[in-house]
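# Coordinates in review
One letter stands for each residue in the lines below.
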Amino acid sequence: MSDSGSEPNQRPRFVAGAVCPSCKAMDRMVIDGAADERRCVACGFVEARPDASVSAPPTRVTRASARRVETEAETVRLLDE
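Residues numbered from 1 in each chain as written. Predicted model: local features only at pLDDT ≥ 70, side-chain atom pairs only at ≥ 80, totals over all residues. Heavy atoms only, no water.

## What to know about the overall build of the protein
- When helices and strands are counted, the protein shows 1 helix and 4 strands.
- For the protein, the sequential pattern of α-helices and β-strands runs β-β-β-β-α.
- Looking at the protein residue by residue over its 81 residues, the buried ones come to 9%.
- Restricting to contacts in the protein with at least 6 residues of sequence separation, those with at least 24 account for 7%.
- On the protein, roughly 7,500 Å² of surface is accessible, and the fraction owed to carbon and sulfur atoms is 51%. (Helix = DSSP H or I, 4+ residues; strand = E, 2+ residues; numbered from the N terminus. Buried < 20%, exposed > 50% of the residue type's maximum accessible area, 1.4 Å probe, protein only. Contact = heavy atoms within 4.5 Å. Areas by Shrake-Rupley, 256 points an atom, 1.4 Å probe, with all protein chains shown as cover.)

Structural data, given as structure tokens:
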């Protein structure tokens, strides 16, 4: 069995602990990889998965200038007493 997602006859997979936003039923949500959607088997709620093209908002960590700073290495001297 492969989890690569390349199988053409994928079965929907249940999401443990997921709660349906419509009927609030727990453990009834499935992800259908072929249709790229999530749905509730209890009430029939269907929602398309969000686009992967949405980028994260800029933060101090994601700025390019934060990655350019190099910290110079320093030697450490251990003292044995």
